[in-house]
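# Residue-level structure breakdown
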Amino acid sequence: MFVLNRLAAALPTLFIVSLLVFWFVDLIPGDPARILAGPMASQDEVEVIRDRMGLNEPGPQRYLHFVGGLFDPDIAVSLRTGRPVATEISERLPNTLIIAIGGLALGVILGTTTGIICALRQGTWVDTVITILTLGGISMPIYWLGLLCIWLFAVHLGWLPAAGAESWRHFVLPILAVATRPAATFSRLVTASLLEVMGRDYLDTARSKGLTEAQVILRHALRNSLVAAVSVAGVQFGAMLGGSVITETVFGIPGIGRLLVDAVSRADYPVIQYSILMFAFFFVVINLVTDLITLWLDPRMRQNVRAR
Amino acid sequence: MRRSEPAIAPQMQVTAGTLPQAPEIAPAPPRWSQLRQILRQPKGMIGLALVLFYAVIALFAPWIATHDPYAQSFIATLQPPSSTHWFGTDELGRDVFSRIVTGARTSLGIGIGGVLVAFVIGVPLGVLSAWRGGKIDFLTMRAVDVMLSFPDIVFALAVVAVLGASTQNVIFAVGLVSVPVFARTARAVTLSTLAEPYIEGSVSLGCSPTRVVLRHVLPNIAGILLTLSSLLFASTLLTASGLGFLGLGTQPPNPEWGTMLGESRSYIRTHPHLATFAGLFLAVSALAFNLLGEALRSVYDPSAPKVQKRGAGAWMNGARGIAQRLSDADAAASAAPVETRNLHVAYLTEDGPLEVVRGVSLRIEAGRTLAIVGESGSGKSTLLRAIATLLPQGRAAISGGSVTVGGQQVERLNTRQIRELRRQKIGVVFQDAASALNPVLTIGDQIGEALRTGSSLSPDEIRSRSIALLEDVNISDPEKRLAMYPHQFSGGMKQRIIIAMALAQDPQVLLADEPTSALDVTIQQQILALLRDMQRKRGMAILLVTHDLGLVARYADDVGVMYAGRIVEAGEVAEVFRAPRHPYTLSLRDSAPSVAAARGLRSLPAIPGEPPNIGKLPDGCAFRPRCGRCDGRSLCAEAVPELRPVGAQTTACHFAEETGA
């Protein structure tokens, strides 16, 4: 029931988002018909194309046309390549998702491990080093880190390719680079939430049962930071999808981030519209999924929902 | 935020040169103490120093730059760093150092501008929606939701796509992206500030809304907003430079760090120095504002984690070493379930170790209950934790004497043996059952864990034993309860569950730390009757820490009265209560039945004088300042009274014999 409610609440947001994207991109300077027709076309030819694209219709119709493009790949066509936007996007999406999911997974593993170490070794040099590294990780511009990685591993050491997406080896550097920020964020989150529960009686209860310190931390202390961790993971995943705009430029990977950047610099407005819409769609879905997982994890919230 | 001193003065006076100021607030003397608080942290000091460094570079760029940042030279392209060109030259032969210095103006300017845009739009929006509520609030929050449906940089990209790539548009774009964060935070802190009684007070006195917001709300939320500004500055800078990197920010030939990094991309194989310096300046400036933000947060955000004192580990190891040596000295094993000898326990404080248990020797035989009574702060709970081997690690340790549980001397055990000891021989019941159960695990999980640890029971056996345990502690429908979570039980039930868990492995010793003080009176009796029942069946030794003399009289066999970390009187309950010899016990007993019963108090009645400050105990007898018997006699100030047999019990008073006279 709650799931349905939550879904129902996401729909208006998606509607407003689509409206915004439609209207927003409409403001982009440059005449799409002229771009599609090419610079050599006559004014009449441009008018014909304009008509065919439905650009002369009133706003509401054009919005419907735009929404129709979601379901009919022939309506939405890239102005530059002439191929359906849906094809352009679906060809590139896997690359983007591989990097985002890989980066998140690596970041979560690294972050959680260092976070636990930090919390258990408060005030020692290990703690200091990790704290400095996490602050550095949060402050690091990913494009610079990417360039440094390319220089070190691709140019200097020659271990890995610098650009492209042909084999798994091409994904190693991008995943390493994008994992930095979630790793740093998770490390701080895990440390903070562990320190918060560290003095709680139920940890002592667990210890008094004869559990090892590792069991106490993993089963009892960490379990409570899981809820916060899930929502941070959701935010980070979304941020990484957005970050693909930059990562894919740095590492020359054909993904949707790169697609969007190219589209913006070439005023390829259908591609801009639909790829932004897709980002927003992903965001809304991620938020939804995060909420649902949180609900599933936290028994107290589950009961509140039932009571409602 | 400080809520303790509401209307005195605005909270925010500390600013770094380049930080955006909070909106105008009533003038007040500068609060240097807050600047000092920031500087006292290494984070704050380094952060502020770096921020000032960048501010100086940006302000004095024309004088610092060694060359014209725009001057091209085709005979000197892509040169490595040298004495003339400190950071080398770029693909057009321009001096990289001068471009970076000049670029500081653009990059930091974008950061400041972006944060300002976000602040100026977001904060009033947030304050307004908290203040007015209703439709405005609803609309604002919906708009924020929608904005948060786009990834930051994608949103900024879209804005730039519409407006065109230029420095001003980037400022606007990255500013707009941060509006939701400011609006949400401003709304949340305003809401909590508005709920404060003093604000409700001034509203009901007829203060104008504008005045209330300017005078009370803004000063209170300024600290948080300043913190947020600093942290957002870092992320704004990174997003803006990201746009520059993509070629959608500041346009060439104008220098900006992100744009410079983007240009350097083509030369990363051959001339890595181009990317090095611009990136370094960018990363360090983001780091600077993050550091400063963190420092600000620890000053302004009450929920920020506090830094723990360093060196705790080293001191603790030292303390453990002492305990080890001491225990070697009197290693005679004890047959009693619990025995402590001259036990000292110390907490690590800012000023060094502080002993809160100062030489306690006690012994509990199987099947008997020893109650330890005393005021809060007397060290009784610490004593219990020391016996339970549950002293907070790194913050407290046994600093002298020994603890023996079930014939094993605790200090001599390694980690694994301590675990075995906890599992097999010790059961602990804490004061607050609600916090002693893990809120996110089912009761079945938690009881099962106590049974499973160190045993090889099958899941079915664990289940049936868990059910039997719950039945033992009189919980009905045990099968159904196993799948339930702690918050679904009442306080008394939770305490029963804790007891069930404590009994899971048939311990020889049950340690109960004020097990009933969070419960109401009838439940209290049930729980203690249950404990006594369990004790009779299993022959456990019980250590009951409490401040309720009534409970001691009804449920304990022996009693030890604790004062300032020592036992001042001990013996059989009946004897001690019939004829107390120590003036402290005497005043406890005398004030207990009448006063407490009349007022319906369950806690220890107040006795005259200040409770002892464990860090500043007087010489001689610790009870001397409150004692009616001492009467200024010099012996009390000269010598610490030792426990000695007086009558049927032992008492630590030089003049114990004067009782009853």
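Computed from a predicted structure; not experimentally measured.

Rules used in this analysis
- Residues numbered from 1 in each chain as written.
- Chains lettered and ligands numbered in written order.
- Predicted model: local features only at pLDDT ≥ 70, side-chain atom pairs only at ≥ 80, totals over all residues.
- Heavy atoms only, no water.
- UniProt positions renumbered as here; feature names shortened; annotations may be inferred.
- Helix = DSSP H or I, 4+ residues; strand = E, 2+ residues; numbered from the N terminus.
- Pairing = 2+ DSSP bridges.
- Axes fitted to C-alpha atoms, helices over the stretch in contact; angles between N-to-C directions.
- Contact = heavy atoms within 4.5 Å.
- Patch = residues over 30% accessible without salt bridge, like charges linked within 9 Å, V, L, I, M, F, W, Y side chains within 5 Å.
- Areas by Shrake-Rupley, 256 points an atom, 1.4 Å probe, with all protein chains shown as cover.
- Salt bridge = Lys/Arg side-chain N within 4 Å of Asp/Glu carboxyl O.
- Buried < 20%, exposed > 50% of the residue type's maximum accessible area, 1.4 Å probe, protein only.
- Domains from an automatic or database assignment.
- Phe/Tyr/Trp six-rings, centres within 6.5 Å; stacked < 30°, edge-to-face > 60°.
- Lys NZ or Arg CZ within 6 Å of the ring centre and 35° of its normal.
- Buried area = accessible area lost by both parts, 1.4 Å probe.
- Polar contact = N/O pair within 3.5 Å; in protein donor to acceptor, adjacent residues only side chain to side chain.

### Regarding the UniProt feature "transmembrane region" (unreviewed entry) in chain A
Residues and elements named next belong to chain A. In the UniProt entry, the feature "transmembrane region" (unreviewed entry) is given for residues 7-25, 97-120, 132-159, 171-190, 226-251 and 271-297. As annotated, residues 97-120 comprises 100% helix and 0% strand, and the C-alpha atoms at either end are separated by 34 Å. Between the first and last C-alpha atoms of residues 171-190 the distance is 27 Å; the span itself is 100% helix and 0% strand.

### Topic: the sheet that holds strand S8 (residues 541-546) of chain B
All names here are of chain B. Spatially, S6-S7-S8-S3-S9-S10-S12-S11 is the arrangement adopted by the eight strands of the open sheet, whose pairing is mixed. Every interior strand has two partners, whereas the edge strands, strand S6 (426-429) and strand S11 (644-646), have only one. On average, adjacent strands in this sheet sit at an angle of 20° to one another, irrespective of strand direction. When strand S9 (residues 558-563) meets strand S10 (residues 566-572), the two strands line up antiparallel, connected through six bridges. Among the inter-strand pairings, Val561 is bridged to a residue of S10, identified as Glu569. Most of the contacts of helix H13 (residues 380-387) go to S8, to which it runs at about 150°, and overall it touches strand S3 (369-373), S6, strand S7 (509-513), S8 and S9. Strands S6 and S7 of the sheet are contacted by helix H19 (residues 491-503), whose axis makes an angle of about 170° with S6.

### Digging into the UniProt feature "domain: ABC transmembrane type-1" (unreviewed entry) in chain A
According to UniProt, the "domain: ABC transmembrane type-1" (unreviewed entry) feature falls on residues 93-290 of chain A. Strand forms 0% of residues 93-290 of chain A and helix 84%; the C-alpha atoms that close the span are 21 Å apart.

### Section: the sheet that holds strand S5 (residues 408-409) of chain B
Within a beta sheet, neighbouring strands are joined by backbone hydrogen bonds and run either parallel or antiparallel to one another. All names here are of chain B. What the four strands build is an open sheet, ordered S2-S1-S4-S5; its pairing is antiparallel. Bordering the open sheet on either side are strand S2 (352-364) and S5, each of which pairs with just one other strand. For strand S1 (residues 338-349) and S2, the ladder comprises 10 bridges, and the chain directions are antiparallel. Residue pairing across strands places Glu339 opposite Arg363, the latter belonging to S2. With respect to the sheet, H13 is in contact with S1, S2 and strand S4 (396-405), its orientation differing from that of S1 by roughly 115°.

### Points about a nonpolar patch on the surface
Residue and element names in this part refer to chain A. On the surface, a cluster of nonpolar side chains totalling about 470 Å² of accessible area is made up of Phe281, Val285, Val289, Ile293 and Trp296. Here Trp296 shows up in helix H12 (residues 269-297). Take Trp296: its relative accessible area is 63%, and that puts it in the exposed class.

### Examining the domain arrangement of chain B
Here the domain parsing of chain B yields domain 1 (30-300), domain 2 (360-389 + 425-556) and domain 3 (583-658). Placing a centre on the C-alpha atoms of domain 1 of chain B and another on those of domain 3 of chain B gives a separation of 62 Å.

### Considerations on the environment of A:Leu36
Residue and element names in this part refer to chain A. Relative to the helices and strands, Leu36 resides in helix H2 (residues 32-37). Residue classification places Leu36 among the partly exposed positions, given a relative accessible area of 29%. When the C-alpha atoms of Leu36 and Ala228 are compared, they prove to be 48 Å apart, with 192 residues separating the residues in sequence.

### Re helix H9 (residues 201-208) of chain A
Extensive coverage of H9(A) is indicated by the burial of eight of its eight residues. Considered for burial, the residues of H9(A) that qualify are A:Asp201, A:Tyr202, A:Leu203, A:Asp204, A:Thr205, A:Ala206, A:Arg207 and A:Ser208.

### Examining the side chain of A:Lys209
Positionally, A:Lys209 belongs in the loop between H9 and helix H10 (213-250). When sequence neighbours within four positions are dropped, the list of residues in contact with A:Lys209 reads A:His220, B:Arg423, B:Gln446, B:Glu449, B:Ala450, B:Thr453 and B:Met501.

### Focus: the packing of aromatic side chains
According to the stated counting rule, one finds 19 aromatic pairs over all chains in the structure shown. Ring centres of A:Phe153 and A:Trp159 lie 6.0 Å apart, and the angle between their planes is 40°; this geometry places the pair in the tilted category. Taking relative accessible area as the criterion, A:Trp159 reaches 52% and is therefore assigned exposed. Of the aromatic side chains, those joined through ring pairs into one cluster are B:Phe53, B:Tyr54, B:Trp86, B:Phe87, B:Phe97, B:Trp257, B:Phe277 and B:Phe281. Over the ring of B:Phe655 we find B:Arg633; its NZ or CZ atom is 3.7 Å from the centre of that ring.

### Notes on the interface of chain B and chain A
Accessible area lost during the coming together of the parts is what is often quoted as the interface size. Every contact between the two is made by 63 residues of chain B and, on the other side, 60 residues of chain A. A combined buried area of about 6,100 Å² lies between chain B and chain A, and 68% of that area is made up of carbon and sulfur atoms. The largest per-residue losses of area from chain B upon contact with chain A belong to B:Val162, B:Val440 and B:Glu449, which jointly make up 10% of the total buried on that side. In this structure, the connection of chain B to chain A is made through five salt bridges. The salt bridge partner of B:Glu449 is A:Lys209, with a shortest N-O separation of 3.0 Å. Inspection of the chain B/chain A interface yields 17 residue pairs in polar contact (both at pLDDT 80 or more). Elements represented by at least two residues in the side of chain B that touches chain A include exactly helix H6 (152-163), helix H9 (209-245), helix H10 (257-264), helix H11 (273-300), helix H14 (415-425), S6, helix H15 (433-436) and helix H16 (443-452) of chain B. Counting residues per element, the side of chain B that touches chain A draws most heavily on H11(B), which supplies 12 residues.

### Some remarks on the pairing of S9(B)
Residue and element names in this part refer to chain B. Burial of S9 is extensive: six of the six residues sit out of reach of the surface. For S3 and S9, the ladder comprises four bridges, and the chain directions are parallel. Paired with Leu370 across the strands is Asp558, a residue of S9. Count of turn residues in the S9/S10 antiparallel hairpin: two residues, of which Ala564 carries a positive phi of about 50°.

### Focus: the UniProt feature "transmembrane region" (unreviewed entry) in chain B
Residue and element names in this part refer to chain B. In this structure's numbering, the residues bearing the UniProt feature "transmembrane region" (unreviewed entry) are residues 45-65, 108-131, 143-164, 221-248 and 274-293. Secondary structure across residues 221-248 divides into 89% helix and 0% strand, with the first and last C-alpha atoms of the span separated by 35 Å. What you have in residues 274-293 is 100% helix and 0% strand, and the ends, taken at the C-alpha atoms, are 30 Å apart.

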